[in-house]
Amino acid sequence: MNTTHQRWFAWAIVPFVLVYLFGFIVLAGFVPPHAPSLPAGELVRLYDENRLGIRAGQLIGLVSSCLILLWAAPISAQMARIEKGPLPMLSLVQYGAALVLVVFFIVCSMLWTVAAYREDLSPELLRTINDAGWLTFVMVYPEYVVQLSCIAIVGLSDRRPRPFLPRWACFFTLWVALMGIGGGFSTFFKSGPFAWNGLIGFWLPVSFFLCWLGVMWHFLLAAIDRQAAEEKAHA
C-alpha cells in the first residue's frame, strides 16, 4: 500500500468522527442517552418528537461508519512493517476486528431506524427495538478489545529507533480497550454508572475512544510520513 493512499485513508477518520457525531448528537439527539428505565410511553414521546431527525441521523451514521474501514487499512499497513514475514497475523486480525466493528455500527443504526420508522409501532415493541440498539452499541466490545490489543502488542514489539507508536501510546491503547469492557455490564443494570447511559457504561468508554482516535491519527500520519521519507531516500 503506497504512502499516498495510506495518507488519504488515514484522513478518513476525521470526516467519520465529525459526520457521525453530527448525526448521532445533533440530528438524532442521542446524547445524552435516555435512561434504560424510561417508561415505554415516555420513550414513544421522545421518538414522536424527532422521528425524522433520528432516521436522518442514523442514515448518516450508517454511511459514515464505513470510513472506519479506510482508516484501519493504513494502520494494518504500518503494523505489517513491524511484524514483517509473509503473513502478519496481528495486522490482519486488527483489520478483521475493524470490519466487525463497522458491521455493529451499521446494525445499531438500522435498529434505531426501524424503531423510528412507523408511528403506529406499539410502545412495548418500540422499547424492545430501542433496547436492542443501545445494548448492541455499548456491549459489543470484544472485537474492539481485540483490535486495540493487536495494535498495542505490535506497537510494543517495535524496536526501531523511531517506532510506530511510543510506549505510552501503546499502554494508552490497552487502557482504552479495557475501558470498553465497562459497557458489557449494561446487561445487568437499568440505572447507575453501568447502565447504557452511565459513566462506566457510556461516557468513559466513548470519551476515551474519541481521544484515542485523535492519538492514533496523529501517530499514524507521522509513521506514514517517515515511511515516505525512507522510500524517497532509497529511491
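See the structure above.
Residue indices begin from 1 for each chain and proceed along its sequence in written order. Thresholds applied to this predicted model are a pLDDT of at least 70 for local features of residues and 80 or more for the giving and counting of side-chain atom pairs; totals over whole chains, interfaces and linings are not thresholded and use all residues. Only hydrogens and water are set aside; all other atoms, that is, all heavy atoms of the structure, feed into the side-chain values.

Cavities and pockets are defined on a 1 Å grid built over the protein atoms alone: a cavity is a set of grid points where a 1.4 Å probe fits but cannot escape, while a pocket is an open set with protein on both sides within 12 Å along at least five of seven lines, and lining residues are those with an atom within 4 Å of any such point. Grid points are joined across faces, edges and corners, and a volume is the space filled by probe spheres set on the points. What the rule picks out here adds up to one cavity of 30 Å³ or more. What the largest cavity holds in volume is close to 50 Å³. What lines the largest cavity is simply Gln-78, Arg-81, Arg-160, Arg-162, Pro-163, Phe-164, Ala-223, Arg-226, Gln-227 and Glu-230. It is helix α10 (residues 199-233) that provides the largest number of residues to the lining of the largest cavity, a total of four residues. In the lining of the largest cavity, the residues fall into three nonpolar, two polar and five charged. Each helix is a run of H or I in the DSSP string that is no shorter than four residues. Each strand is a run of E no shorter than two, and both are numbered from the N terminus. All amino acids are sorted into three groups, where Ala, Val, Leu, Ile, Met, Phe, Trp, Tyr, Cys and Pro are nonpolar, Asp, Glu, Lys and Arg are charged, and the leftover types, Gly among them, are polar.

Quick look at the packing of helix α5 (residues 67-83) against helix α6 (residues 89-117) now. Each axis is a line fitted through C-alpha atoms, taken for helices only over the stretch in contact, and angles between the N-to-C directions span 0 to 180 degrees. Put simply, α5 and α6 touch, their axes get as near as 8 Å, and they point 165° apart. Viewed along their axes, α5 and α6 adopt a mutual orientation that is roughly antiparallel. Here α5 and α6 pass one another in a crossing that is right-handed. The residues of α6 that touch α5, namely those facing Ile-68, Leu-69, Ala-72, Ala-73, Ile-75, Ser-76, Met-79, Ala-80 and Glu-83, are Met-89, Leu-90, Ser-91, Gln-94, Tyr-95, Ala-98, Leu-99, Val-102 and Phe-105. Orientation is classified from the angle alone, with under 35 degrees giving roughly parallel, over 145 giving roughly antiparallel, 65 to 115 giving roughly perpendicular, and any other angle giving oblique. If you view the pair so one helix is near and one far, a crossing is left-handed when the near helix is turned anticlockwise from the far one by less than a right angle, and right-handed when it is turned clockwise. For this analysis, residues touch if any pair of their heavy atoms sits within 4.5 Å.

On to helix α3 (residues 40-49). Because an α-helix completes one turn every 3.6 residues, residues spaced three or four positions apart along the sequence face the same direction. Buried residues of α3: Ala-40, Leu-43, Val-44 and Tyr-47, and no others. Projected down its long axis, α3 carries its buried residues within an arc of 105°, all on one side. Turning to α3, the residues buried within the fold contact α4 (51-64), α6 and α7 (123-139). Three exposure classes are used, based on accessible area relative to the maximum for each residue type with a 1.4 Å probe and protein chains only: buried under 20%, partly exposed in between, and exposed over 50%. The arc under discussion is defined with respect to the helix axis, by the directions toward the C-beta atoms.

On to the packing of aromatic side chains. Ring geometry is summarised as follows: Phe, Tyr and Trp rings, the Trp one being its six-membered ring, pair when their centres sit within 6.5 Å, and such pairs are stacked at plane angles under 30 degrees, edge-to-face over 60 and tilted between the two. Counted according to the given criterion, the structure contains 27 aromatic pairs. Ring centres of Phe-172 and Phe-208 lie 6.3 Å apart, and the angle between their planes is 45°; this geometry places the pair in the tilted category. Here Phe-172, found in helix α9 (residues 167-180), pairs with Phe-208, found in helix α10; they are 36 residues apart in sequence, far enough to count as distant. On the basis of relative accessibility, which here comes to 24%, the residue Phe-208 falls in the partly exposed class. Clustering of aromatic rings is evident, with ring pairs tying together Phe-16, Tyr-20, Phe-24, Phe-30, Phe-105, Trp-112, Trp-134, Phe-137, Trp-196, Phe-202 and Trp-203.

As a further point, take α7. Compared with the 24 Å implied by 1.5 Å per residue over 17 residues, the 23 Å span of α7 between its first and last C-alpha is a close match. Considered for burial, the residues of α7 that qualify are Leu-126, Ile-129, Asn-130, Gly-133, Trp-134, Thr-136 and Val-138. Contact partners of the buried residues in α7: α2 (13-27), α3, α4, α6, α9 and α10. Any helix carries an expected span of 1.5 Å times its number of residues minus one.

When their charged atoms lie close together, side chains carrying opposite charge are able to pair. Counted as salt bridges are all cases of a side-chain nitrogen of Lys or Arg within 4 Å of a carboxyl oxygen of Asp or Glu. One pass over the full model with this rule turns up six salt bridges. Across the pair Arg-45 and Glu-49 runs a salt bridge whose closest N-O atoms are separated by 2.4 Å. Placement of both Arg-45 and Glu-49 in helix α3 is noted, with a separation of four residues, approximately one turn of the helix. Residue Asp-48 pairs with Arg-51 through a salt bridge whose shortest N-O separation is 2.8 Å. Look at Asp-48 and you get partly exposed, because its relative accessible area is 45%. A relative accessible area of 6% means that Arg-51 is categorised as buried. Each of Glu-42, Arg-45 and Glu-49 takes part in one network of salt bridges that share partners.

This part covers the layout of surface pockets. One water molecule sets the probe size; rolling that probe over the atoms shows where empty space is left. Quantified by volume, the largest pocket comes out at close to 560 Å³. Looking at the largest pocket, it is lined by 29 residues, and the ones nearest its centre are Phe-105, Phe-137, Pro-205, Val-206 and Phe-209. Looking at the lining of the largest pocket, the elements that each hand over two or more residues are α2, α6, α7, α8 (142-156) and α10. Broken down by element, the residue count for the lining of the largest pocket peaks at nine residues, all from α10. Here the lining of the largest pocket is built from residues that sort into 23 nonpolar, five polar and one charged.

The term nonpolar core refers to a set of buried residues drawn from Ala, Val, Leu, Ile, Met, Phe, Trp, Tyr and Cys, joined through side-chain atoms within 4.5 Å. Residues Tyr-47, Trp-71 and Trp-212 are the most contacted members of the largest nonpolar core, which totals 55 residues. Taken together, the elements giving at least two residues each to this core come down to α2, α3, α5, α6, α7, α8, α9 and α10. When residues of this core are assigned to their parent elements, the largest contribution, eleven residues, is made by α10. If sequence neighbours within four positions are ignored, Tyr-47 has contacts with Phe-30, Ile-54, Trp-112, Ala-115, Ala-116, Leu-126 and Asn-130.

Nothing here speaks to function; it is all geometry.
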